Amino acid sequence: MLIVPEREIADLMTRGAAFDAVEGVFAAMASQDAYNFPVIREAIGHEDALYGFKGGFDKAGMALGLKAGGYWPNNLEKHGIINHQSTVFLFDPDTGRVRAMVGGNLLTALRTAAASSVSIKHLAREDARVIGMIGAGHQATFQLRAALEQRTFDKVIGWNFHPEMLPNLQKVADEAGLPFEAVELDGLRAADVLISITSSFDAILKADQVSPGTHIACMGTDTKGKQEVDPALLARATVFTDEVAQSVSIGEAQHAIAAGLITEADVHQLGAVINGTHTGRGSEDEITLFDGTGVGLQDLAVAASVVELAVQKGITIEVDF
Ligand code: NAD
(Lines give C-alpha, C1' and ligand atoms only; values in the text may rest on other atoms or scores of the structure.)
Protein backbone atom coordinates (compact mmCIF):
# COMPACT_ATOMS: atom_id res chain seq x y z
CA MET A 1 0.00 0.00 0.00
CA LEU A 2 1.19 3.50 -0.82
CA ILE A 3 0.77 6.37 1.62
CA VAL A 4 0.75 10.01 0.54
CA PRO A 5 0.66 12.05 3.77
CA GLU A 6 -1.24 15.31 4.08
CA ARG A 7 2.05 17.25 4.47
CA GLU A 8 3.16 16.26 0.93
CA ILE A 9 -0.06 17.28 -0.91
CA ALA A 10 0.68 21.01 -1.20
CA ASP A 11 3.95 20.40 -3.06
CA LEU A 12 2.51 17.67 -5.28
CA MET A 13 -0.97 18.67 -6.36
CA THR A 14 -1.55 21.56 -8.73
CA ARG A 15 -4.74 23.42 -9.56
CA GLY A 16 -4.32 22.22 -13.15
CA ALA A 17 -4.14 18.56 -12.14
CA ALA A 18 -7.19 18.96 -9.88
CA PHE A 19 -9.09 20.66 -12.71
CA ASP A 20 -8.30 17.85 -15.18
CA ALA A 21 -9.23 15.14 -12.66
CA VAL A 22 -12.59 16.74 -11.80
CA GLU A 23 -13.49 17.59 -15.41
CA GLY A 24 -12.72 13.99 -16.39
CA VAL A 25 -14.81 12.43 -13.64
CA PHE A 26 -17.81 14.74 -14.26
CA ALA A 27 -17.70 13.60 -17.88
CA ALA A 28 -17.49 9.94 -16.80
CA MET A 29 -20.50 10.41 -14.48
CA ALA A 30 -22.58 11.83 -17.32
CA SER A 31 -21.68 8.97 -19.64
CA GLN A 32 -22.49 6.55 -16.80
CA ASP A 33 -18.97 5.20 -16.60
CA ALA A 34 -18.74 6.40 -13.00
CA TYR A 35 -21.18 6.44 -10.12
CA ASN A 36 -21.27 7.60 -6.53
CA PHE A 37 -22.33 5.33 -3.69
CA PRO A 38 -24.93 6.51 -1.16
CA VAL A 39 -23.37 8.94 1.31
CA ILE A 40 -23.11 8.04 4.99
CA ARG A 41 -23.01 10.94 7.45
CA GLU A 42 -23.43 10.38 11.19
CA ALA A 43 -23.38 12.47 14.35
CA ILE A 44 -21.26 10.03 16.36
CA GLY A 45 -22.19 11.36 19.80
CA HIS A 46 -18.57 12.14 20.72
CA GLU A 47 -16.83 15.53 20.51
CA ASP A 48 -19.92 16.79 18.61
CA ALA A 49 -18.30 15.23 15.54
CA LEU A 50 -19.97 14.55 12.21
CA TYR A 51 -18.32 11.60 10.49
CA GLY A 52 -19.07 9.86 7.22
CA PHE A 53 -18.04 8.22 3.96
CA LYS A 54 -18.33 9.33 0.36
CA GLY A 55 -17.37 6.67 -2.16
CA GLY A 56 -17.78 5.54 -5.71
CA PHE A 57 -16.34 3.76 -8.70
CA ASP A 58 -15.05 5.37 -11.89
CA LYS A 59 -14.69 2.68 -14.55
CA ALA A 60 -13.18 5.13 -17.02
CA GLY A 61 -10.45 6.33 -14.62
CA MET A 62 -10.34 2.97 -12.75
CA ALA A 63 -10.69 4.71 -9.39
CA LEU A 64 -12.46 2.80 -6.63
CA GLY A 65 -12.61 3.89 -3.03
CA LEU A 66 -13.91 6.32 -0.47
CA LYS A 67 -13.22 9.45 1.48
CA ALA A 68 -13.70 9.01 5.22
CA GLY A 69 -13.87 11.98 7.50
CA GLY A 70 -15.95 14.86 8.70
CA TYR A 71 -16.10 17.79 11.05
CA TRP A 72 -14.72 17.95 14.60
CA PRO A 73 -15.74 21.39 15.95
CA ASN A 74 -13.30 21.35 18.90
CA ASN A 75 -10.14 20.39 17.01
CA LEU A 76 -8.64 23.82 16.61
CA GLU A 77 -9.17 24.85 20.20
CA LYS A 78 -8.20 21.55 21.82
CA HIS A 79 -5.57 20.15 19.46
CA GLY A 80 -4.45 23.01 17.20
CA ILE A 81 -5.50 21.15 14.04
CA ILE A 82 -8.23 22.07 11.55
CA ASN A 83 -11.83 21.05 12.24
CA HIS A 84 -12.41 19.39 8.86
CA GLN A 85 -10.46 16.10 8.71
CA SER A 86 -10.52 13.54 5.91
CA THR A 87 -8.53 10.70 4.39
CA VAL A 88 -9.01 9.06 0.98
CA PHE A 89 -8.58 5.29 0.51
CA LEU A 90 -8.12 3.91 -3.01
CA PHE A 91 -8.59 0.24 -3.86
CA ASP A 92 -7.45 -1.82 -6.83
CA PRO A 93 -10.65 -2.35 -8.88
CA ASP A 94 -9.28 -5.65 -10.22
CA THR A 95 -8.62 -7.28 -6.85
CA GLY A 96 -10.17 -5.20 -4.07
CA ARG A 97 -6.77 -4.77 -2.40
CA VAL A 98 -6.12 -1.40 -0.82
CA ARG A 99 -3.84 0.61 -3.10
CA ALA A 100 -3.32 3.92 -1.36
CA MET A 101 -4.10 6.07 1.65
CA VAL A 102 -4.01 9.79 0.90
CA GLY A 103 -4.39 12.91 3.07
CA GLY A 104 -7.72 14.45 2.06
CA ASN A 105 -7.83 17.89 3.71
CA LEU A 106 -6.14 20.09 1.12
CA LEU A 107 -7.44 17.85 -1.67
CA THR A 108 -11.02 18.64 -0.59
CA ALA A 109 -10.48 22.36 -1.05
CA LEU A 110 -8.72 21.83 -4.40
CA ARG A 111 -11.39 19.49 -5.78
CA THR A 112 -14.20 21.84 -4.67
CA ALA A 113 -12.51 24.81 -6.32
CA ALA A 114 -11.91 22.72 -9.43
CA ALA A 115 -15.65 21.95 -9.67
CA SER A 116 -16.72 25.60 -9.89
CA SER A 117 -13.80 26.24 -12.22
CA VAL A 118 -14.94 23.48 -14.58
CA SER A 119 -18.42 25.05 -14.55
CA ILE A 120 -16.96 28.46 -15.41
CA LYS A 121 -14.93 26.99 -18.27
CA HIS A 122 -17.98 25.35 -19.82
CA LEU A 123 -20.79 27.78 -18.93
CA ALA A 124 -19.53 31.34 -18.40
CA ARG A 125 -19.50 33.84 -21.24
CA GLU A 126 -16.11 34.06 -22.96
CA ASP A 127 -16.06 37.84 -22.39
CA ALA A 128 -16.62 37.61 -18.61
CA ARG A 129 -14.47 40.29 -16.92
CA VAL A 130 -15.83 40.85 -13.39
CA ILE A 131 -15.91 38.03 -10.85
CA GLY A 132 -18.04 38.34 -7.72
CA MET A 133 -17.67 36.34 -4.52
CA ILE A 134 -20.23 35.65 -1.81
CA GLY A 135 -18.24 34.20 1.06
CA ALA A 136 -14.72 34.88 2.28
CA GLY A 137 -13.84 31.86 4.39
CA HIS A 138 -11.35 29.04 3.92
CA GLN A 139 -12.85 27.62 0.73
CA ALA A 140 -13.52 31.02 -0.84
CA THR A 141 -9.82 31.74 -1.37
CA PHE A 142 -9.31 28.42 -3.17
CA GLN A 143 -12.43 29.07 -5.25
CA LEU A 144 -11.29 32.52 -6.31
CA ARG A 145 -7.71 31.47 -7.17
CA ALA A 146 -8.97 28.65 -9.41
CA ALA A 147 -11.72 30.71 -11.04
CA LEU A 148 -9.32 33.51 -12.01
CA GLU A 149 -7.56 31.05 -14.32
CA GLN A 150 -10.68 30.43 -16.40
CA ARG A 151 -11.31 33.85 -17.99
CA THR A 152 -9.45 37.14 -18.46
CA PHE A 153 -10.95 38.77 -15.37
CA ASP A 154 -10.02 42.38 -14.67
CA LYS A 155 -11.82 42.95 -11.35
CA VAL A 156 -12.88 41.07 -8.21
CA ILE A 157 -15.88 42.18 -6.18
CA GLY A 158 -17.13 40.55 -3.00
CA TRP A 159 -19.72 40.46 -0.25
CA ASN A 160 -19.52 38.55 3.00
CA PHE A 161 -21.86 38.11 5.98
CA HIS A 162 -18.83 38.78 8.18
CA PRO A 163 -17.20 41.81 6.49
CA GLU A 164 -14.07 41.44 8.63
CA MET A 165 -13.20 38.35 6.54
CA LEU A 166 -13.17 40.25 3.22
CA PRO A 167 -9.38 40.85 3.37
CA ASN A 168 -9.06 37.12 2.56
CA LEU A 169 -10.47 37.90 -0.89
CA GLN A 170 -8.47 41.10 -1.21
CA LYS A 171 -5.30 39.06 -0.64
CA VAL A 172 -6.06 36.70 -3.54
CA ALA A 173 -6.96 39.63 -5.81
CA ASP A 174 -3.67 41.32 -4.84
CA GLU A 175 -1.72 38.15 -5.67
CA ALA A 176 -3.34 38.17 -9.12
CA GLY A 177 -2.69 41.90 -9.56
CA LEU A 178 -6.41 42.68 -9.79
CA PRO A 179 -8.42 45.41 -8.06
CA PHE A 180 -10.81 44.28 -5.32
CA GLU A 181 -13.97 46.06 -4.24
CA ALA A 182 -16.25 45.15 -1.33
CA VAL A 183 -19.86 45.66 -2.42
CA GLU A 184 -23.41 45.40 -1.07
CA LEU A 185 -25.51 42.55 -2.45
CA ASP A 186 -27.06 44.90 -5.05
CA GLY A 187 -23.54 45.65 -6.28
CA LEU A 188 -23.10 42.02 -7.34
CA ARG A 189 -25.14 42.85 -10.48
CA ALA A 190 -21.81 44.04 -11.91
CA ALA A 191 -20.46 40.46 -11.89
CA ASP A 192 -20.27 38.31 -15.02
CA VAL A 193 -19.36 35.27 -12.91
CA LEU A 194 -20.45 34.74 -9.30
CA ILE A 195 -19.37 32.12 -6.78
CA SER A 196 -21.19 31.56 -3.49
CA ILE A 197 -19.34 29.51 -0.85
CA THR A 198 -20.79 30.06 2.60
CA SER A 199 -22.31 28.02 5.41
CA SER A 200 -25.59 29.93 5.18
CA PHE A 201 -29.00 28.41 5.98
CA ASP A 202 -30.96 31.29 4.39
CA ALA A 203 -31.08 32.74 0.90
CA ILE A 204 -28.50 35.53 0.64
CA LEU A 205 -28.77 36.56 -3.01
CA LYS A 206 -32.11 37.59 -4.53
CA ALA A 207 -33.03 36.64 -8.09
CA ASP A 208 -33.02 40.29 -9.24
CA GLN A 209 -29.49 40.86 -7.88
CA VAL A 210 -28.05 38.84 -10.78
CA SER A 211 -27.63 40.35 -14.24
CA PRO A 212 -28.62 38.59 -17.48
CA GLY A 213 -25.76 36.54 -18.90
CA THR A 214 -24.18 35.80 -15.53
CA HIS A 215 -22.82 32.39 -14.60
CA ILE A 216 -23.19 31.58 -10.91
CA ALA A 217 -21.61 28.64 -9.13
CA CYS A 218 -23.39 27.88 -5.83
CA MET A 219 -20.87 25.83 -3.85
CA GLY A 220 -21.80 26.17 -0.17
CA THR A 221 -25.05 24.19 -0.04
CA ASP A 222 -24.15 20.56 0.53
CA THR A 223 -26.62 19.56 3.25
CA LYS A 224 -30.36 19.53 3.75
CA GLY A 225 -31.51 22.92 5.00
CA LYS A 226 -28.52 24.96 3.78
CA GLN A 227 -29.29 27.72 1.25
CA GLU A 228 -27.44 30.56 -0.47
CA VAL A 229 -29.75 31.95 -3.17
CA ASP A 230 -33.40 32.80 -3.72
CA PRO A 231 -35.20 29.75 -5.22
CA ALA A 232 -36.63 32.13 -7.86
CA LEU A 233 -33.07 32.47 -9.23
CA LEU A 234 -33.07 28.76 -10.12
CA ALA A 235 -36.37 29.25 -11.97
CA ARG A 236 -34.78 32.16 -13.86
CA ALA A 237 -31.58 30.26 -14.67
CA THR A 238 -30.61 27.12 -16.55
CA VAL A 239 -29.49 24.82 -13.76
CA PHE A 240 -26.54 22.42 -13.95
CA THR A 241 -25.04 20.24 -11.25
CA ASP A 242 -22.41 17.62 -10.50
CA GLU A 243 -25.01 15.00 -9.46
CA VAL A 244 -28.75 15.49 -9.98
CA ALA A 245 -29.80 13.25 -7.05
CA GLN A 246 -27.70 15.35 -4.65
CA SER A 247 -28.71 18.68 -6.18
CA VAL A 248 -32.42 18.07 -5.60
CA SER A 249 -31.99 16.64 -2.08
CA ILE A 250 -29.02 18.39 -0.42
CA GLY A 251 -28.00 21.04 -2.96
CA GLU A 252 -29.31 24.48 -3.77
CA ALA A 253 -32.08 23.00 -5.97
CA GLN A 254 -33.74 21.38 -2.91
CA HIS A 255 -35.51 24.69 -2.17
CA ALA A 256 -36.71 25.48 -5.70
CA ILE A 257 -37.99 21.91 -6.01
CA ALA A 258 -39.81 22.12 -2.65
CA ALA A 259 -41.37 25.44 -3.72
CA GLY A 260 -42.55 23.84 -6.99
CA LEU A 261 -40.56 26.37 -9.05
CA ILE A 262 -38.54 23.74 -10.93
CA THR A 263 -38.60 19.96 -11.29
CA GLU A 264 -35.78 17.42 -11.31
CA ALA A 265 -35.97 17.43 -15.12
CA ASP A 266 -34.81 21.08 -15.07
CA VAL A 267 -31.48 20.11 -13.44
CA HIS A 268 -28.79 19.05 -15.92
CA GLN A 269 -25.46 17.32 -15.42
CA LEU A 270 -22.42 19.51 -16.06
CA GLY A 271 -20.75 16.37 -17.40
CA ALA A 272 -23.25 16.32 -20.28
CA VAL A 273 -21.96 19.75 -21.35
CA ILE A 274 -18.36 18.49 -21.11
CA ASN A 275 -19.32 15.46 -23.23
CA GLY A 276 -21.20 17.60 -25.73
CA THR A 277 -24.56 15.90 -25.16
CA HIS A 278 -25.97 19.14 -23.68
CA THR A 279 -25.31 22.41 -25.49
CA GLY A 280 -24.74 24.33 -22.24
CA ARG A 281 -25.19 28.10 -22.44
CA GLY A 282 -27.70 28.91 -25.19
CA SER A 283 -27.38 32.69 -25.39
CA GLU A 284 -25.40 35.69 -24.12
CA ASP A 285 -28.33 36.71 -21.89
CA GLU A 286 -29.00 33.36 -20.30
CA ILE A 287 -28.20 32.95 -16.60
CA THR A 288 -26.46 29.64 -15.96
CA LEU A 289 -26.28 28.25 -12.43
CA PHE A 290 -24.04 25.41 -11.27
CA ASP A 291 -25.22 23.68 -8.10
CA GLY A 292 -21.98 22.14 -6.82
CA THR A 293 -22.86 19.65 -4.10
CA GLY A 294 -19.55 17.77 -3.87
CA VAL A 295 -19.31 14.07 -4.75
CA GLY A 296 -17.03 11.27 -3.60
CA LEU A 297 -15.84 10.63 -7.15
CA GLN A 298 -14.20 14.08 -7.15
CA ASP A 299 -12.18 13.03 -4.10
CA LEU A 300 -11.14 9.75 -5.69
CA ALA A 301 -10.16 11.51 -8.92
CA VAL A 302 -7.86 14.03 -7.25
CA ALA A 303 -6.45 11.38 -4.89
CA ALA A 304 -5.65 9.07 -7.82
CA SER A 305 -3.98 12.00 -9.56
CA VAL A 306 -1.85 12.89 -6.54
CA VAL A 307 -0.78 9.24 -6.07
CA GLU A 308 0.41 9.23 -9.68
CA LEU A 309 2.39 12.45 -9.11
CA ALA A 310 3.84 11.08 -5.85
CA VAL A 311 4.94 7.86 -7.57
CA GLN A 312 6.57 9.88 -10.38
CA LYS A 313 8.50 11.93 -7.82
CA GLY A 314 9.32 8.88 -5.68
CA ILE A 315 7.92 10.32 -2.48
CA THR A 316 5.30 7.76 -1.50
CA ILE A 317 5.68 5.73 1.66
CA GLU A 318 5.30 2.06 0.81
CA VAL A 319 3.87 -0.29 3.41
CA ASP A 320 3.69 -4.07 3.12
CA PHE A 321 0.01 -4.60 3.92
P1 NAD B 1 -15.55 28.86 6.68
O2 NAD B 1 -16.06 28.59 8.07
O3 NAD B 1 -14.10 29.09 6.48
O4 NAD B 1 -16.34 30.10 6.04
C5 NAD B 1 -17.75 30.19 6.18
C6 NAD B 1 -18.27 31.29 5.26
O7 NAD B 1 -19.69 31.36 5.43
C8 NAD B 1 -17.74 32.68 5.62
O9 NAD B 1 -17.69 33.44 4.44
C10 NAD B 1 -18.81 33.20 6.56
O11 NAD B 1 -18.83 34.61 6.64
C12 NAD B 1 -20.05 32.67 5.88
N13 NAD B 1 -21.20 32.56 6.76
C14 NAD B 1 -21.22 32.02 8.01
N15 NAD B 1 -22.47 32.12 8.52
C16 NAD B 1 -23.24 32.75 7.58
C17 NAD B 1 -24.59 33.14 7.52
N18 NAD B 1 -25.43 32.91 8.53
N19 NAD B 1 -25.03 33.77 6.40
C20 NAD B 1 -24.19 34.00 5.36
N21 NAD B 1 -22.90 33.66 5.37
C22 NAD B 1 -22.43 33.03 6.47
O23 NAD B 1 -16.06 27.61 5.83
P24 NAD B 1 -15.49 27.05 4.46
O25 NAD B 1 -14.53 25.97 4.77
O26 NAD B 1 -15.09 28.19 3.59
O27 NAD B 1 -16.78 26.32 3.86
C28 NAD B 1 -17.87 27.09 3.36
C29 NAD B 1 -19.01 26.17 3.00
O30 NAD B 1 -18.63 25.34 1.90
C31 NAD B 1 -19.43 25.21 4.10
O32 NAD B 1 -20.84 25.29 4.22
C33 NAD B 1 -19.03 23.86 3.59
O34 NAD B 1 -19.88 22.82 4.05
C35 NAD B 1 -19.15 24.05 2.10
N36 NAD B 1 -18.36 23.09 1.28
C37 NAD B 1 -18.92 22.63 0.15
C38 NAD B 1 -18.23 21.74 -0.64
C39 NAD B 1 -18.82 21.24 -1.93
O40 NAD B 1 -18.24 20.33 -2.53
N41 NAD B 1 -19.90 21.79 -2.40
C42 NAD B 1 -16.95 21.32 -0.26
C43 NAD B 1 -16.37 21.84 0.89
C44 NAD B 1 -17.09 22.74 1.66
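Just so you know, the residues in each chain are numbered from 1, in the order the chain's sequence is written. Local features in this predicted model are restricted to residues whose pLDDT is 70 or higher, and side-chain atom pairs enter the listing and the counts only when it is 80 or higher, whereas totals over whole chains, interfaces and linings include all residues. Side-chain metrics in this entry use all non-hydrogen atoms of the structure; hydrogen atoms and water are not considered.

Here's the deal with the overall build of the chain
Alright, step 1. Helices and strands together make up the secondary structure of the chain, namely eleven helices and 18 strands.
Alright, step 2. Radius of gyration here uses only the C-alpha atoms, and the compact-globule reference equals 2.2 Å multiplied by the residue count raised to the power 0.38. The globule rule puts the C-alpha radius of gyration for 321 residues at 20 Å, and the 19 Å found for the chain is close to it.
Alright, step 3. The principal-axis extents of the C-alpha atoms in the chain amount to approximately 60 × 40 × 40 Å.
Alright, step 4. Counting all 321 residues of the chain, 54% fall into the buried class.
Alright, step 5. The criterion used for residue contact is that any of the two residues' heavy atoms lie within 4.5 Å. Here the contacts in the chain between residues at least 6 apart in sequence split such that 70% fall between residues at least 24 apart.
Alright, step 6. As displayed, the chain offers around 14,100 Å² of accessible surface, 53% of which is attributable to carbon and sulfur atoms.
Alright, step 7. Here Asp and Glu are counted as negative and Lys and Arg as positive; His is not counted, and neither are the chain ends. Where a charge lies is defined by one atom per residue type: Lys uses NZ, Arg uses CZ, Asp uses CG and Glu uses CD. Positive and negative charge centroids in the chain, built from 24 and 42 side chains respectively, lie 2 Å apart. Secondary structure elements are defined from DSSP: runs of H or I of at least 4 residues count as helices, runs of E of at least 2 residues count as strands, and each element is numbered from the N terminus. A simple rule labels every residue: compare its accessible area, found with a 1.4 Å probe on the protein chains alone, to the largest value its type can have, and call it buried under 20%, exposed over 50%, or partly exposed in between. Method for areas: the Shrake-Rupley scheme with a 1.4 Å probe, in which residue coverage is limited to the protein chains shown.

Looking at the domain arrangement of the chain
Alright, step 1. For each domain, the first and last residues come from an automatic or database assignment. What the domain assignment reports for the chain is domain 1 (2-108 + 297-318) and domain 2 (126-294).
Alright, step 2. Between the C-alpha centres of domain 1 and domain 2 there is a distance of 24 Å.
Alright, step 3. On the side of domain 2, 17 residues touch domain 1, which itself brings 13 residues to the contact.
Alright, step 4. Both faces combined, the contact of domain 1 with domain 2 buries some 1,200 Å², and carbon together with sulfur accounts for 56% of it.
Alright, step 5. Throughout this description, the term salt bridge denotes a Lys or Arg side-chain nitrogen within 4 Å of a carboxyl oxygen of Asp or Glu. The tally of links between domain 1 and domain 2 comes to one salt bridge. A quick way to say it: buried area is the sum, across both parts, of accessible area lost when two parts are put together, with a 1.4 Å probe.

Looking at the environment of glutamine 85
Alright, step 1. Here glutamine 85 shows up in strand β6 (residues 84-91).
Alright, step 2. Taking the C-alpha atoms as reference points, glutamine 85 and proline 212, 127 residues apart in sequence, are found 39 Å from one another.
Alright, step 3. Aside from chain neighbours lying at most four places away, what touches glutamine 85 is Ala68, Gly69, Gly70, Trp72, Asn75 and Asn105.
Alright, step 4. Polar contact is defined as a pair of N or O atoms within 3.5 Å, subject to the rule that within protein one atom must be able to donate a hydrogen and the other to accept it, and that residues adjacent in sequence are counted only when both atoms are side-chain atoms. A polar atom in the side chain of glutamine 85 sits 3.2 Å from the side chain of asparagine 105.

Some thoughts on the pairing of strand β15 (residues 238-241)
Alright, step 1. One requirement defines pairing of two strands: DSSP has to find at least two bridges between them. Relative to strand β17 (residues 288-291), β15 runs parallel, the two being bridged by four bridges. Bridge pairing in β17 links phenylalanine 240 to phenylalanine 290.
Alright, step 2. As defined by bridge partners, β15 adjoins strand β16 (residues 267-269) across three bridges and the pair is classed as parallel. The partner of phenylalanine 240 across the bridge, within β16, is histidine 268.

Section: the sheet that holds strand β9 (residues 155-159)
Alright, step 1. Strand order in the open sheet formed by eight strands is β10-β9-β8-β11-β13-β17-β15-β16, and the pairing between neighbours is parallel. Pairing within the sheet leaves two strands with one partner each, and these edge strands are β10 (180-182) and β16. Averaged over all pairs of adjacent strands, the angle between their axes in this sheet comes to 20°, without regard to strand direction.
Alright, step 2. Examined bridge by bridge, strand β11 (residues 193-196) and strand β13 (residues 215-218) share four bridges and lie parallel to one another. The residue bridging valine 193 from the neighbouring strand is histidine 215, located in β13.
Alright, step 3. Contacting β11, β13, β15 and β17, helix α4 (residues 105-123) runs over the sheet at an angle of about 160° to β13.
Alright, step 4. Strands β8 (130-134), β9 and β11 of the sheet are contacted by helix α5 (residues 138-147), whose axis makes an angle of about 165° with β8. Axis lines are fitted to C-alpha atoms, over the contacting stretch for helices. Their N-to-C directions set the angle, which ranges from 0 to 180 degrees.

Digging into the site of the ligand
Alright, step 1. Throughout, near means a residue has at least one heavy atom within 4 Å of the molecule or strand. Neighbouring the ligand are 23 residues; His138, Asn160, His162, Met219 and Lys226 lie closest to it.
Alright, step 2. Note that a nitrogen atom of the ligand is positioned 2.8 Å from one of the backbone N or O atoms of methionine 219.
Alright, step 3. Here a nitrogen atom of the ligand and a backbone polar atom of glycine 292 are 2.9 Å apart.
Alright, step 4. Going through the elements one at a time, α4 and α5 are the ones with two or more residues in the shell around the ligand.
Alright, step 5. Taken together, the residues that form the shell around the ligand break down as six nonpolar, 14 polar and three charged. Residues are sorted three ways: Asp, Glu, Lys and Arg are charged, Ala, Val, Leu, Ile, Met, Phe, Trp, Tyr, Cys and Pro are nonpolar, and all the rest, Gly among them, are polar.

Some words on the side chain of asparagine 36
Alright, step 1. Structurally, asparagine 36 can be placed in strand β2 (residues 34-36).
Alright, step 2. Since its relative accessible area comes to 13%, asparagine 36 is described here as buried.
Alright, step 3. Polar side-chain contacts of asparagine 36 include one of 3.0 Å to the backbone nitrogen of leucine 297.
Alright, step 4. Once you skip the residues sitting within four places of it in the chain, asparagine 36 turns out to touch Met29, Gly55, Gly56, Glu243, Val295, Gly296 and Leu297.

Focus: the nonpolar core
Alright, step 1. Buried Ala, Val, Leu, Ile, Met, Phe, Trp, Tyr and Cys residues that are joined via side-chain atoms within 4.5 Å together make up what is termed a nonpolar core. One finds Met13, Phe26, Val102, Ile131 and Ile195 to be the most contacted residues of the largest nonpolar core, which totals 66 residues.
Alright, step 2. Domain assignment of the residues forming this core places at least three in each of domain 1 (2-108 + 297-318) and domain 2 (126-294).
Alright, step 3. Excluding residues within four positions of it along the chain, methionine 13 makes contact with Ala18, Leu107, Leu110, Val302, Ser305, Val306 and Leu309.

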